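Summary of structural features
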Amino acid sequence: MSASRQDIEDFNDVFSEMVRLQNLLNESPQAYTSDFARPIDMLGATLNAPKDIFEKDKDSRRFQLHLSLKAQNKIRDIAVRHIDANKLRGFVSLGEFYGDVRDAIYIHIRRGKSFDDKGCSQIVALAIKRSKFKMKKKRYFFPFNIPGMEGRCAFDIGSVSIYEKDAILSKVRKENKEVILGGDVNFYNAFVSFEISDCSDKISYERALNISSFIFGLIQVFTYAYKLPSPHITLGCNPRSNTTKHYVWFTEKSGYYLSSSWKLPIEFDVFWNNLVEDLDSECGLVIKKLVDYAISPINSECLADRLIDSITWFGDATRDDNHHAQVVKLVTSMERLVTFSDEKKDAHITKKFCDRVSSLIAIYYGDVNGWMENARQIYKLRSELVHGSMAIHKSYRSSLNFNSFEMVSHVIFSACIGFSKIGLQTTKYEKQLEEMYKAIKECCLEKENLV
């Protein structure tokens, strides 16, 4: 945690800038203000006593320090270096750690310490200590509306649990519940719950949002796989219509008319029964590992990240009401599984996409030529939408003659099996993944020729 040569130079620049800015302020408020190009630049210029220091010792001497834009940038540079050097990335945000460094500088000056080599190292150590002290383990409960959960016991998917709403709300303090929920809790019937390990408040919440979106996508993948797509499944932090989708229309002949759709599917008990069985299958065990990894990820990019992103894109597509916007997101979901980093400008990218997607499905579902045609259709449509030959706001219905959501759910489940054989936490995997796609393509073609 010792300060580097660059840290020491930057800290001394910060101190010099504080002295210079204080002299300007002593000279006149106008001189101080003129040091900033825009009034908004002055928002981060004042450095006050950290709240916890003030609360512990209210009678102590308090003062303000002033930071020029140059000083603020130097502090940010120091924060960036030490987030990486001390492996804090993924546990504290840059903004939060930047604040910790600022606070550490204030406390250091308040203690009358110098900005020599030892003093600069003390500032860094204090910033890291303050940052780690604020990290905590937290369990989240996000509102979900999931048909068929009423009256069910807790349901586990790896380290994630789904509870019936009342099982959790009954534990919330009454006064707290009334303030936060306002008495209206009818838009959901369950909570999805998981624990985030020690990290800062901001990182913890952002990671929790990502995990809840991943779980939402995962549930939606299963609903399409079971041919029970349900627009009623909603996520409390990203809500949409849950019981009926309605609107009012008017004609001279009919007057004002209320139109609604999306009744709850009566077959949804089948979903839960199937899910219980499938989570014990080979693919289900991979899903549980993905859930656990999403909650406690590693910093290095690995194969599991591709699957989690793909499922999250799938879930996002189910929330979109525009059919062609759905296509763009579904293709992105598949691209995350089958496209490599060095293929962005590959002239054969379309063929590789179609080969890999069709092989992924056909290895378990057969009909590689049929899936190849579907892959060509959806990729062509996506290209027309993204590259401008078709306007998304003028699109009314997808021109595809197959269910694109069911197709992508097959791709995701097949990828779960294939990726797990390589190793979900494998980091340098592209060569192995490319060999896997070649092998399953050859296998599919052999099966096709034998028929």
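To start, this report covers the structure provided alongside it. (Residues numbered from 1 in each chain as written. Predicted model: local features only at pLDDT ≥ 70, side-chain atom pairs only at ≥ 80, totals over all residues. Heavy atoms only, no water.)

We now examine the packing of helix H1 (residues 5-27) against helix H5 (residues 94-110). The N-to-C vectors of H1 and H5 enclose an angle of 70°; their axes lie 13 Å apart at closest approach. As judged from the angle between their axes, H1 and H5 are roughly perpendicular. Judged by the sense of rotation from one axis to the other, the crossing of H1 with H5 is right-handed. For the pair H1 and H5, contact is made by Phe11, Val14 and Met18 and by Val101, Ile105 and Ile109, respectively. Class assignment of the residues belonging to the contact of H1 with H5 gives a composition of six nonpolar, no polar and no charged. (Axes fitted to C-alpha atoms, helices over the stretch in contact; angles between N-to-C directions. Helix = DSSP H or I, 4+ residues; strand = E, 2+ residues; numbered from the N terminus. Parallel < 35°, antiparallel > 145°, perpendicular 65-115°, else oblique. Left-handed = near helix turned anticlockwise from the far one by under 90°. Contact = heavy atoms within 4.5 Å. Nonpolar A, V, L, I, M, F, W, Y, C, P; charged D, E, K, R; others polar.)

Attention shifts here to the packing of aromatic side chains. Summed over the entire model, instances satisfying the criterion amount to 19 aromatic pairs. Centroid distance Phe144 to Phe216: 6.4 Å. Interplanar angle 65°. Geometry classified as edge-to-face. Taken as a pair, Phe144 in strand S3 (residues 136-145) and Phe216 in helix H9 (residues 201-225) lie far apart in primary sequence, 72 residues in all. Accessibility classification places Phe144 together with Phe216 in one group, the buried group. On the numbers, 5.8 Å between centres and 65° between planes, the contact of Tyr226 with Phe271 is edge-to-face. Pair noted here: Tyr226 is in the loop between H9 and strand S7 (234-235) and Phe271 is in helix H10 (residues 268-278), with a separation of 45 residues, a long-range link. The class of Phe271 is buried, set by a relative accessible area of 0%. Through a chain of ring-to-ring contacts, the aromatic side chains of Phe155, Phe222, Tyr226, Phe271, Trp272 and Phe413 assemble into a single cluster. Across from the ring centre of Tyr98, 4.3 Å away, lies the NZ or CZ of Arg76, which sits over that ring. (Phe/Tyr/Trp six-rings, centres within 6.5 Å; stacked < 30°, edge-to-face > 60°. Buried < 20%, exposed > 50% of the residue type's maximum accessible area, 1.4 Å probe, protein only. Lys NZ or Arg CZ within 6 Å of the ring centre and 35° of its normal.)

The next thing to look at is the side chain of Asn189. Topologically, Asn189 is positioned in the loop between helix H8 (174-181) and strand S6 (190-199). With relative accessibility at 9%, the residue Asn189 sits in the buried group. Among the polar contacts made by the side chain of Asn189, one reaches the main-chain carbonyl oxygen of Ile146 at a distance of 2.9 Å. Dropping the residues within four chain positions of it, Asn189 is found in contact with Phe144, Asn145, Ile146, Pro147, Met149, Glu150, Tyr163, Glu164 and Lys165. (Polar contact = N/O pair within 3.5 Å; in protein donor to acceptor, adjacent residues only side chain to side chain.)

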